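Residues per chain are reported as follows:
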Amino acid sequence: MRSTGSWYDVRDKEDGHVWKCRLKGKFKIRDLKVTNPIAVGDRVQYDIEDEVENTGIILDILPRDNYIIRQSVHKTAHSHLLAANVDQAVLIATLVFPRTSLGFIDRFLVTAESFRIPAVLIFNKQDLLNDEAKEFQQELMDLYESLGYRCLTTTAIDREGLDEFAQLLDGKISLLSGHSGVGKSSLVNAIAPDLDLRTQNVSTFANKGVHTTTFAEMFELGPDTYLIDSPGIKELGLADMQPSEISHYLPEMRERLNECRFHNCLHVNEPGCAVKDAVENGEIAISRFESYLSMLGNQDNRK
Ligand code: GDP
Ligand code: ZN
């Protein structure tokens, strides 16, 4: 559920009790080049060590369905394991106050695709949209739904769309992202008003105040329903990926890659590019292509 350096909060699947656990001995970090062996969302086997002290020992980490890693800021050769076994990544966006850019939304979707985590978009603050903004939003929702991303609209302060929001989270482990101010805590508090009582620190949920740790935390919303919050994944930045990889994570590009003349086509200036043809004849949205080019540019700058 949470880690604070070498201690891990392990919630027993059967009775829900939370034990303070340490890892047994030196843990082999297999395959992944990461600085931490275990993350929020990991399923583990553990033994109780001391009932009175409420401590335990983690014996094994079970195989992961997926995981999110992030390049460490300091040690470039190493990455940080942020979360594991995530059922969905949910982005809370707002078209006004603050405006979430399309580039940001697309980056989020591409990152989620790269980790093979289903992504959902929630457009909050419906009450603040004028007709023009509503029309633009509808176009966006049509676009993203056509690409396979579920979209929801909410107004946290009027409780609009909250049943759907709660339903979306029900029975799943969800990662919640979004710029500060879009209404993450308002939405979560609206569907789980007593969350702060159970977790004692909901104030950290939206990264308000000072985070004492850079580790992710998992909050129990209800039976089998969890939210993951982490300063590191607040804005789920673009993961470390090769320029040639990026187009694989935009579904409408992915399905056309085989039609490009060159197998290593980056869809920028190459002749016989099926992606650019699709942009030109309107089959691929210009905004998506622009986001792609921007991501490609950023990747190039880093090399
Ligand atoms: P967070 O930083 O994403 O957790 O955002 P907050 O939940 O703290 O919300 C930021 C501000 O937006 C607060 O003043 C909220 O009252 C306001 N807010 C949240 N949801 C809505 C909404 O649906 N409509 C309007 N008008 N304001 C909202
Ligand atoms: Zn191409």
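On a predicted model such as this, the values are computed, not experimentally measured, just so you know. (Residues numbered from 1 in each chain as written. Chains lettered and ligands numbered in written order. Predicted model: local features only at pLDDT ≥ 70, side-chain atom pairs only at ≥ 80, totals over all residues. Heavy atoms only, no water.)

## A few points about the overall build of the protein chain
Phase 1: The secondary structure content of the protein chain amounts to nine helices and 13 strands.
Phase 2: A buried classification covers 51% of the 303 residues belonging to the protein chain.
Phase 3: Looking at the protein chain as shown, the accessible area adds up to about 15,600 Å², and 48% of this sits on carbon and sulfur atoms. (Helix = DSSP H or I, 4+ residues; strand = E, 2+ residues; numbered from the N terminus. Buried < 20%, exposed > 50% of the residue type's maximum accessible area, 1.4 Å probe, protein only. Areas by Shrake-Rupley, 256 points an atom, 1.4 Å probe, with all protein chains shown as cover.)

## What about the packing of helix H3 (residues 162-169) against helix H4 (residues 184-191)?
Phase 1: Look at H3 against H4: their axes get within 10 Å of each other, and the N-to-C directions meet at 85°. With respect to each other, H3 and H4 are oriented roughly perpendicular. Here H3 contributes Leu162, Phe165, Ala166 and Leu169 to the contact with H4, which in turn contributes Leu187, Val188, Ala190 and Ile191. (Axes fitted to C-alpha atoms, helices over the stretch in contact; angles between N-to-C directions. Parallel < 35°, antiparallel > 145°, perpendicular 65-115°, else oblique. Contact = heavy atoms within 4.5 Å.)

## Looking at the site of ligand 1
Phase 1: Taken together, 17 residues are adjacent to ligand 1, and Asp127, Gly181, Lys184, Ser185 and Ser186 come closest.
Phase 2: Asp127 is positioned such that a nitrogen or oxygen atom in its side chain is 2.7 Å from a nitrogen atom of ligand 1.
Phase 3: One nitrogen or oxygen atom from the main chain of Ala156 is found 2.8 Å from an oxygen atom belonging to ligand 1.
Phase 4: Each residue belonging to the shell around ligand 1 can be placed in one class, and the counts come to five nonpolar, eight polar and four charged. (Near = heavy atom within 4 Å. Polar contact = N/O pair within 3.5 Å; in protein donor to acceptor, adjacent residues only side chain to side chain. Nonpolar A, V, L, I, M, F, W, Y, C, P; charged D, E, K, R; others polar.)

## Notes on the packing of aromatic side chains
Aromatic ring pairs: the centre-centre distance and the angle between the two ring planes describe each pair.
Phase 1: For the structure on display, the rule yields one aromatic pair.
Phase 2: Between Phe289 and Tyr292, the ring centres sit 6.1 Å apart and the planes meet at 25°, which makes this aromatic pair stacked. Here Phe289 and its partner Tyr292 are both found in helix H9 (residues 286-302), three residues apart, which amounts to about one turn of the helix. Both residues of the pair, Phe289 and Tyr292, belong to the buried class. (Phe/Tyr/Trp six-rings, centres within 6.5 Å; stacked < 30°, edge-to-face > 60°.)

## With respect to the nonpolar core
Phase 1: Ile105, Leu109, Leu121, Phe123, Tyr144 and Ile228 are the most contacted members of the largest nonpolar core, which totals 36 residues.
Phase 2: Those elements that provide at least two residues to this core are strand E7 (79-84), strand E8 (88-93), helix H1 (102-114), strand E9 (119-123), helix H2 (131-146), strand E11 (173-177) and strand E13 (225-229).
Phase 3: Looking at which element gives the most residues to this core, the answer is H1, with six residues.
Phase 4: Contacts of Leu121, omitting those with residues within four sequence positions, involve Leu91, Ile105, Leu109, Tyr144, Arg150, Cys151 and Leu152.
Phase 5: In terms of nonpolar packing, the next biggest core, distinct from the first, is built from 20 residues, Leu168, Leu176, Ala190 and Leu227 among them. (Core = buried A, V, L, I, M, F, W, Y, C linked by side-chain atoms within 4.5 Å.)

## Looking at the coordination of the zinc ion (ligand 2)
Phase 1: The zinc ion (ligand 2) binds to the protein through Cys260 (SG), Cys265 (SG), His267 (ND1) and Cys273 (SG); the donor distances cover 2.1 to 2.4 Å.
Phase 2: Viewed at the metal, the four donor atoms of the zinc ion (ligand 2) are separated by angles of 102 to 118°, and the geometry they form is tetrahedral. (Donors = N, O, S within 2.8 Å, 3.2 Å for Na, K, Ca; no water. Tetrahedral: all angles 85-135°; square planar, octahedral: opposite > 155°, others 65-115°.)

## Structural notes on the pattern of salt bridges
Phase 1: The final tally for this structure, using the stated rule, is eleven salt bridges.
Phase 2: Its salt-bridge partner being Arg22, residue Glu49 comes within 3.3 Å of it at the nearest N-O pair. Highlighted residues: Glu49 in strand E4 (residues 44-50) and Arg22 in strand E3 (residues 18-23), separated in sequence by 27 residues.
Phase 3: Here the salt bridges share partners, and the residues they tie into one network are Arg2, Asp9 and Lys20. (Salt bridge = Lys/Arg side-chain N within 4 Å of Asp/Glu carboxyl O.)

## Overview of the environment of Gly5
Phase 1: Within the secondary structure, Gly5 sits in the loop between strand E1 (2-4) and strand E2 (7-11).
Phase 2: Residue Gly5 is classed as partly exposed on the basis of its relative accessible area of 36%.
Phase 3: Measuring from C-alpha to C-alpha, the distance between Gly5 and Arg22 comes to 9.7 Å, with 17 residues separating the pair along the chain.

## Some details on H2
A turn of α-helix holds 3.6 residues, and therefore any two residues three or four places apart point the same way.
Phase 1: With 16 residues, H2 ought to run about 22 Å at 1.5 Å a step, and its terminal C-alpha atoms sit 22 Å apart, in line with that.
Phase 2: Turning to H2, its buried residues number three or more, namely Ala133, Gln137, Leu140, Met141, Leu143 and Tyr144. The buried residues of H2 occupy an angular sector of 160° when the element is viewed end-on, so they sit on one face. Within H2, the exposed residues directed more than 90 degrees away from the buried face are Asp131, Glu132, Glu135, Glu139 and Ser146.
Phase 3: Looking at where H2 begins, the residue whose side-chain oxygen comes 3.2 Å from the main-chain nitrogen of Glu132 is Asn130.
Phase 4: Of the residues flanking the end of H2, it is Gly148, one or two places downstream, whose phi is positive at about 100°. (Expected span 1.5 Å × (residues − 1). Arc of directions from axis to C-beta.)

## Focus: the pairing of E7
Phase 1: Taking burial as the measure, the six residues of E7 include six buried ones, the bulk of the element.
Phase 2: Note that strand E6 (residues 67-71) and E7 share five bridges and pair antiparallel. When the sheet's bridge partners are listed, Gln71 is paired in E7 with Ser79. (Pairing = 2+ DSSP bridges.)

## Looking at the confidence of the model for the protein chain
Phase 1: When pLDDT is averaged across the protein chain, the result is 86; 83% of the residues are at 70 or more.
Phase 2: Ignoring residues within four places in sequence, the model shows residues 197-213, a span with pLDDT below 50, making 35 contacts including any to other chains. (pLDDT = per-residue confidence, 0-100.)

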